Amino acid sequence: MPDIIDLFAGAGGLSLGASRAGFNVAAAVEIDSHAIESHAINFPNSVHIQRDIMDLNGQMLLELSGVRSDNLIGIIGGPPCQGFSSIGQGDINDIRNHLFEKFFALVGQLRPIFFVAENVPGIMNSKYTAIREIAFSHVADYHLLPPISINASEYGAPTTRTRYFFIGFREHPTIRSFTINDIE
């Protein structure tokens, strides 16, 4: 089963989706002690790394997780959204906004076949264009799908929460080549 690593894993919402899709959630990174404890209960076979992601690089993440780079197929995660949220201050200088870029920096270092990142709709505000561009510069050689807006209530969740998903993949000999039109 191909390995993925969940960054900003929380209690494991994205991990659950990845697991149900047939991926092995080999490791989860989460700084919050309560969230990582919940993830450990939900995914007892994953390696749980309670660290500040800003202190990690790709090589350290592989060593801590025990994942071999040639078996790492994907990185998933939901970088903190407080700086982008319309409910919050919407502060372009919120220090947590750097975590969005860090996600993509780690993807660029680890070179998985694909990545999936989710965030609040506020991330699409034009005042955050530079933050998105810097983040995406780390994965410039990946094929990026247009951001996908999903309202959870349309999929049976008892909430009207909307999120944006950023998905990218790179050419790899083990997967067939396809275009965005093949997905639509």
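Treat the numbers as computed from the prediction; the structure is a model and nothing was measured.

Rules behind the numbers
Residues numbered from 1 in each chain as written. Predicted model: local features only at pLDDT ≥ 70, side-chain atom pairs only at ≥ 80, totals over all residues. Heavy atoms only, no water. Helix = DSSP H or I, 4+ residues; strand = E, 2+ residues; numbered from the N terminus. Buried < 20%, exposed > 50% of the residue type's maximum accessible area, 1.4 Å probe, protein only. Polar contact = N/O pair within 3.5 Å; in protein donor to acceptor, adjacent residues only side chain to side chain. Core = buried A, V, L, I, M, F, W, Y, C linked by side-chain atoms within 4.5 Å. Pairing = 2+ DSSP bridges. Contact = heavy atoms within 4.5 Å. Axes fitted to C-alpha atoms, helices over the stretch in contact; angles between N-to-C directions. Parallel < 35°, antiparallel > 145°, perpendicular 65-115°, else oblique. Nonpolar A, V, L, I, M, F, W, Y, C, P; charged D, E, K, R; others polar. Salt bridge = Lys/Arg side-chain N within 4 Å of Asp/Glu carboxyl O.

K.L.:
Sorry if this is basic, but what is going on with the environment of Asp32 here?
P.N.:
Assignment of secondary structure puts Asp32 in the loop between strand 2 (24-29) and helix 2 (33-42). Judged by relative accessible area, Asp32 falls into the partly exposed class, the value being 35%. Along the primary structure Asp32 and Ala9 are separated by 23 residues, whereas in three dimensions their C-alpha atoms are 9.5 Å apart. Polar contacts involving the side chain of Asp32 include one to the main-chain amide nitrogen of Ala35, which spans 2.8 Å.

K.L.:
Help me understand the nonpolar core, please; the structure alone is not making it clear to me.
P.N.:
Grouped burial of nonpolar side chains is what soluble globular proteins tend to show. Counting residues in each nonpolar core, the largest one holds 33 residues, and the members touching the most others are Leu7, Phe103 and Phe104. For this core, the secondary structure elements donating two or more residues are strand 1 (3-7), strand 2, helix 3 (58-65), strand 4 (72-77), helix 4 (98-110), strand 5 (114-119), helix 5 (129-137) and strand 8 (162-169). The next biggest cluster of nonpolar side chains, apart from the first, holds 11 residues, and it includes Ile4, Val25, Ile73 and Phe169.

K.L.:
Teacher, can you tell me more about the pairing of strand 4 here?
P.N.:
One face of the sheet, then the other: side chains in a regular strand alternate in exactly this way. Of all six residues in strand 4, six are buried, a share of seventy percent or more. Alignment of strand 1 against strand 4, held across five bridges, turns out to be parallel. Pairing of Ile4 across the sheet is with Gly74, part of strand 4. As paired strands, strand 4 and strand 5 are joined by four bridges and run parallel to one another. Looking across to strand 5, one finds that Gly74 is bridged to Phe114.

K.L.:
What is the right way to look at the side chain of Asn151 in this model?
P.N.:
Secondary-structure assignment places Asn151 in strand 7 (residues 148-151). With residues near it in sequence (within four places) discarded, Asn151 still touches Thr159, Thr160, Arg161 and Thr162.

K.L.:
What is the right way to read the packing of helix 3 against helix 4 from this model?
P.N.:
Geometrically, a packed helix pair is captured by the angle between its two axes and the distance between the axes. In contact at an axis separation of 8 Å, helix 3 and helix 4 are set at 80° when each is read in the N-to-C sense. Relative to helix 4, the element helix 3 is oriented roughly perpendicular. Residues Gly58, Leu61 and Leu62 of helix 3 lie in contact with helix 4, whose contacting residues are Leu106, Gln109 and Leu110. Residue classes in the contact of helix 3 with helix 4 are distributed as four nonpolar, two polar and no charged.

K.L.:
What should I look at first to understand the pattern of salt bridges in this one?
P.N.:
A side chain of one charge can pair with a side chain of the opposite charge when the charged atoms of the two come close. Using the criterion set out here, one finds three salt bridges in the structure. Taking the shortest distance from any N to any O, the salt bridge between Asp141 and Arg111 comes out at 2.9 Å. Within this pair, whereas Asp141 is found in the loop between helix 5 and strand 6 (143-144), its partner Arg111 is found in the loop between helix 4 and strand 5, the two being separated by 30 residues in sequence. Residue classification places Asp141 among the partly exposed positions, given a relative accessible area of 46%. The partly exposed category is assigned to Arg111, whose relative accessible area is 30%. In this structure, the salt-bridge partner of Glu118 is Arg163, at a minimum N-O distance of 3.6 Å. Here Glu118, found in strand 5, pairs with Arg163, found in strand 8; they are 45 residues apart in sequence, far enough to count as distant. Judged by its relative accessible area of 18%, Glu118 is buried.

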